[in-house]
Amino acid sequence: MLENINRNIQKKSLKERFLLVIGVLFFVVYFVLGLFIIFMDNFPLDMKREYRIGFGMILIIYAFIRLARFIKDNKE
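Bear in mind that the values here come from a model prediction, so they are computed numbers and not experimental data.

## Quick look at the overall build of the protein
Along its length, the protein carries three helices and zero strands. Seen in sequence order, the protein has helices and strands lined up from the N terminus as α-α-α. Buried positions account for 17% of the 76 residues belonging to the protein. Restricting the contact set of the protein to residue pairs at least 6 apart, pairs at least 24 apart contribute 57%. Carbon and sulfur atoms make up 67% of the accessible area of the protein, which amounts to about 6400 Å² in all.

## Details of helix H3 (residues 49–73)
Taking 1.5 Å of rise per residue, the 25 residues of H3 would be expected to cover 36 Å, and the 36 Å separating its terminal C-alpha atoms lies within 8% of that figure. Taken together, the buried positions of H3 are occupied by Arg 52, Gly 56, Leu 59, Ile 60 and Ala 63. Elements in contact with the buried residues of H3: helix H2 (14–39).

## Examining a nonpolar patch on the surface
The grouping of Ile 53, Met 57, Ile 61 and Ile 65 at the surface amounts to a nonpolar patch, some 340 Å² of accessible area in total. Tracing the chain through its elements places Ile 65 in helix H3. The partly exposed category is assigned to Ile 65, whose relative accessible area is 45%.

## A look at H2
For H2, built from 26 residues, the straight-helix expectation of 38 Å at 1.5 Å per residue is met to within 8% by its first-to-last C-alpha distance of 37 Å. Among the residues making up H2, those that are buried are Leu 20, Gly 23, Phe 27, Gly 34, Ile 37 and Ile 38.

## A word on the packing of aromatic side chains
To describe a pair of aromatic rings, you give the distance between the ring centres and the angle between the ring planes. Enumeration according to the criterion identifies five aromatic pairs in this entry. Summarising the aromatic geometry, the rings of Phe 26 and Tyr 30 are spaced 6.3 Å apart at their centres and angled 40° between planes, so their arrangement reads as tilted. Of this pair, Phe 26 and Tyr 30 both sit in helix H2, separated by four residues, roughly a single helical turn. Judged by relative accessible area, which is 21%, Tyr 30 ranks as partly exposed. On the numbers, 6.0 Å between centres and 20° between planes, the contact of Phe 27 with Phe 31 is stacked.

## Some remarks on the UniProt feature "transmembrane region" (unreviewed entry) in the protein
The feature "transmembrane region" (unreviewed entry), as annotated in UniProt, sits at residues 18–39 and 51–68 in this numbering. With 100% helix and 0% strand, residues 51–68 has end C-alpha atoms that lie 26 Å from one another.

Conventions used here
Residues numbered from 1 in each chain as written. Predicted model: local features only at pLDDT ≥ 70, side-chain atom pairs only at ≥ 80, totals over all residues. Heavy atoms only, no water. Helix = DSSP H or I, 4+ residues; strand = E, 2+ residues; numbered from the N terminus. Buried < 20%, exposed > 50% of the residue type's maximum accessible area, 1.4 Å probe, protein only. Contact = heavy atoms within 4.5 Å. Areas by Shrake-Rupley, 256 points an atom, 1.4 Å probe, with all protein chains shown as cover. Expected span 1.5 Å × (residues − 1). Patch = residues over 30% accessible without salt bridge, like charges linked within 9 Å, V, L, I, M, F, W, Y side chains within 5 Å. Salt bridge = Lys/Arg side-chain N within 4 Å of Asp/Glu carboxyl O. Phe/Tyr/Trp six-rings, centres within 6.5 Å; stacked < 30°, edge-to-face > 60°. UniProt positions renumbered as here; feature names shortened; annotations may be inferred.

Written as structure tokens, this is what we have:
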């Protein structure tokens, strides 16, 4: 399975590989930002805990939606 993924990545052009890295990077950014907002005690914006949890969950869900779309588009 890993050989198949590696072979698929090597077939891609430089532009496609760059977009692959950017897609994975933004998934990680949104996911970590969601966790950061939920668990940070000294959050710089004055928000109630419930709103922080809600906003963090929205970011985490959005990260997984981006990942699902990214995987679907990269199946080719």
